[in-house]
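Close look at the chain arrangement
Chain by chain, the residues run as shown.
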Amino acid sequence: MKVLVTGGAGYIGSHTVLSLLENNYDVVVYDNLVNSSIESIDRVEKLAGKKVEFVEGDICNKDKLSQVFKQFKIDAVIHFAALKAVGESTQIPLSYYQNNVHGTVCLLEVMQQHKVHNFIFSSSATVYGEENDVPYVETMKLGTPSSPYGASKVMVERVLADLALSDPNFRGVSLRYFNPIGAHESGTIGEDPKGIPNNLLPYVAQVAVGKRDKLGIFGDDYPTKDGTCERDYLHVMDLAQGHVAALDWLNRHSEFSGVEAFNLGTGNGTSVFAIVKAFELAINKEIKFEVSPRRAGDLPAFWANANKANQQLNWQASRTLEKMMEDTWRWQSNNPNGYLA
Ligand code: NAD
Ligand code: UD1
């Protein structure tokens, strides 16, 4: 089975490509490299001992996409390609809607032209917005995320729902990721943010390796156990395997049409202080930090109810927090400058 992976050179995409190859799927990666390096694909090929077809291109370029569908007999698409920096999305919202919403519509149109119906979408816990209580369950109504990034994910979920209503052949899965962290245990592929990291773990790892002076902890006065925000962190290889589980599910359910959402998380919340402690334990070194003001838009605490993915996809996040920290550190210490080094 041949899978087109858009955004496959990125953080989650590269780990998923590896899992796909390990599970005997053939992979074509389509990526414009706006936030990634082709080096990630070379390393995935080495780890898997298999070849990946790579096409550099933008999902908004329908002619180029169409050529890819003509050249390769694609059976399914896993769609990671998107811009993902929440803060940046408030500065350049039009780029986010263009890339994430319009780009997805272009991809879906080209898929329809080429009669490819299996589609897995990178959604996010952010679609639950501020309106829902935790833990988040798939049966909840989608919320109103505060950022254009979050809104773009809600919009695409709506596009998929409408497409499924209109096209009885469409078979879509929205995977709502919680907070993926960590790296492949080889330490050769991992998260390589450009510039100052927006997310917690890359920041902590860069403090540990000496690239940043100290971590700013965004608020310690939240209504949580220790006052810092709680999130559902899951290992990126568990998340990668969630995509294989979703593809296997589509293959097992040949009668299925429509669109189905699944939360991918561990079901546990961990605070920022607890993350810092766990990282210190893993590397046996102190992480310098200071408490700074709250970050706009942060919610105090959220985590997944992952029962649906457990039961229907036979998927469970099994790697421990300790393993997430160790693997983050192996990647960061072996590659202090990411893929550039
Ligand atoms: P990433 O930036 O590492 O990967 C995205 C990839 O898409 C990059 O390789 C980038 O070059 C590519 N890309 C972006 N725009 C493109 C376009 N127009 N055409 C072709 N390629 C394009 O991000 P990631 O963390 O791997 O996230 C992957 C997906 O998962 C995204 O859709 C993101 O919104 C979603 N997601 C991520 C997280 C997270 O915490 N990392 C959480 C929830 C959802
Ligand atoms: C963020 C996005 C979310 C997106 C996800 C993955 C916001 C409000 N939410 O989730 O929409 O899907 O990234 O890209 O941006 N923290 C610090 N110091 C730091 C960085 C983070 O204290 O330097 C704290 C944050 O306040 C938060 C926790 O660490 O409580 C996790 O932050 P982060 O990794 O950015 O993830 P989310 O905010 O959960």
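The coordinates are above.
Quick notes on the rules
- Residues numbered from 1 in each chain as written.
- Chains lettered and ligands numbered in written order.
- Predicted model: local features only at pLDDT ≥ 70, side-chain atom pairs only at ≥ 80, totals over all residues.
- Heavy atoms only, no water.
- Helix = DSSP H or I, 4+ residues; strand = E, 2+ residues; numbered from the N terminus.
- Rg over C-alpha atoms; globule rule 2.2 N^0.38 Å.
- Buried < 20%, exposed > 50% of the residue type's maximum accessible area, 1.4 Å probe, protein only.
- Areas by Shrake-Rupley, 256 points an atom, 1.4 Å probe, with all protein chains shown as cover.
- Near = heavy atom within 4 Å.
- Polar contact = N/O pair within 3.5 Å; in protein donor to acceptor, adjacent residues only side chain to side chain.
- Nonpolar A, V, L, I, M, F, W, Y, C, P; charged D, E, K, R; others polar.
- Pairing = 2+ DSSP bridges.
- Axes fitted to C-alpha atoms, helices over the stretch in contact; angles between N-to-C directions.
- Contact = heavy atoms within 4.5 Å.
- Salt bridge = Lys/Arg side-chain N within 4 Å of Asp/Glu carboxyl O.
- Phe/Tyr/Trp six-rings, centres within 6.5 Å; stacked < 30°, edge-to-face > 60°.
- Lys NZ or Arg CZ within 6 Å of the ring centre and 35° of its normal.

Details of the overall build of the protein
Looking only at helices and strands, one finds eleven helices and 13 strands in the protein. Here the C-alpha atoms of the protein give a radius of gyration of 19 Å, agreeing with the 20 Å that 2.2 N^0.38 yields for 341 residues. Viewed in the frame of its principal axes, the protein has a C-alpha envelope of about 55 × 45 × 40 Å. The buried share among the 341 residues of the protein stands at 54%. With the model as given, the accessible surface of the protein reaches about 14800 Å², and the carbon-plus-sulfur share is 49%.

With respect to the site of ligand 1
In the vicinity of ligand 1, 27 residues are found, and the nearest of them are D31, N35, S36, F80 and Y149. A distance of 2.7 Å is found between an oxygen atom of ligand 1 and a side-chain nitrogen or oxygen belonging to Y149. Contact with the protein chains covers 95% of the free accessible surface of ligand 1, which is 820 Å². Looking at the shell around ligand 1, the elements with two or more residues in it are α1 (11-22), β5 (118-124) and α6 (148-166). Here the shell around ligand 1 gets three residues from one element, more than from any other, and that element is β5. Split by residue class, the shell around ligand 1 holds 13 nonpolar, ten polar and four charged.

A closer look at the pairing of strand β4 (residues 76-79)
Where burial is concerned, the two faces of β4 agree: the one with A76 and I78 and the one with V77 and H79 are both buried. Looking at chain direction, strand β1 (residues 2-6) and β4 are connected through four bridges and run parallel. Bridge pairing links L4 to V77 in β4. Bridge count between β4 and β5: four bridges; the pairing is parallel. When the sheet's bridge partners are listed, H79 is paired in β5 with F121.

What about the site of ligand 2?
Inspection of the region around ligand 2 gives 20 residues, with L200, G216, R231, R295 and D298 positioned closest. The separation between an oxygen atom of ligand 2 and a polar main-chain atom of F218 is 2.9 Å. Within the side chain of D298, one N or O atom sits 2.6 Å away from an oxygen atom of ligand 2. The fraction of the free accessible surface of ligand 2 (740 Å²) that becomes covered by protein chains is 89%. Split by residue class, the shell around ligand 2 holds ten nonpolar, seven polar and three charged.

Description of unusual backbone geometry
With an omega of -5°, the peptide bond running from V134 to P135 counts as cis. In this structure, P135 sits in the loop between β5 and α6. You will see that K115, though not glycine, has its phi angle at about 55°, which is positive. Considering the arrangement of structural elements, one finds K115 in the loop between α5 (93-113) and β5. Phi at N314 takes a positive value of approximately 55°, unusual for a residue other than glycine. Counting through the fold element by element, N314 comes out in the loop between α10 (307-312) and α11 (321-334).

Points about the sheet that holds strand β2 (residues 26-31)
Taken in spatial order, the seven strands line up as β3-β2-β1-β4-β5-β6-β11 in an open sheet, and their pairing is parallel. Unpaired on one side and paired on the other, β3 (53-56) and β11 (258-264) mark the two borders of the sheet. Adjacent strand axes in the sheet meet at a mean angle of 20° when their direction is disregarded. The sheet strands contacting α5 are β1, β4 and β5, and the helix crosses β5 at an angle near 170°.

A few points about the pattern of salt bridges
Summed over the entire model, instances satisfying the criterion amount to 18 salt bridges. Among the ionic pairs, R158 bridges to D162, the shortest N-O distance being 3.1 Å. Note that R158 and D162 are positioned in helix α6 at a spacing of four residues, about one turn of the helix. According to the relative accessible area criterion, R158 is exposed, its value standing at 54%. The class for D162 is partly exposed, based on a relative accessible area of 35%.

Concerning the packing of aromatic side chains
Applying the stated criterion across every chain, the model contains ten aromatic pairs. Seen in terms of ring centroids, Y136 and F178 are 6.2 Å apart; in terms of plane orientation they differ by 45°. Their pairing is tilted. Within this pair, whereas Y136 is found in the loop between β5 and α6, its partner F178 is found in the loop between β6 (171-177) and β7 (179-181), the two being separated by 42 residues in sequence. Exposure remark for Y136: the relative accessible area of 2% places this residue in the buried category. One aromatic cluster is present, built from ring pairs that chain together Y128, Y136, F178 and F302. Across the ring face of Y222, the terminal group of R294 is positioned such that the distance to the ring centre comes to 4.0 Å. The ring of F262 has K308 sitting right over it, with the charged end atom 4.8 Å from the ring centre.

Remember that the coordinates give geometry; whether it matters functionally is a separate question.
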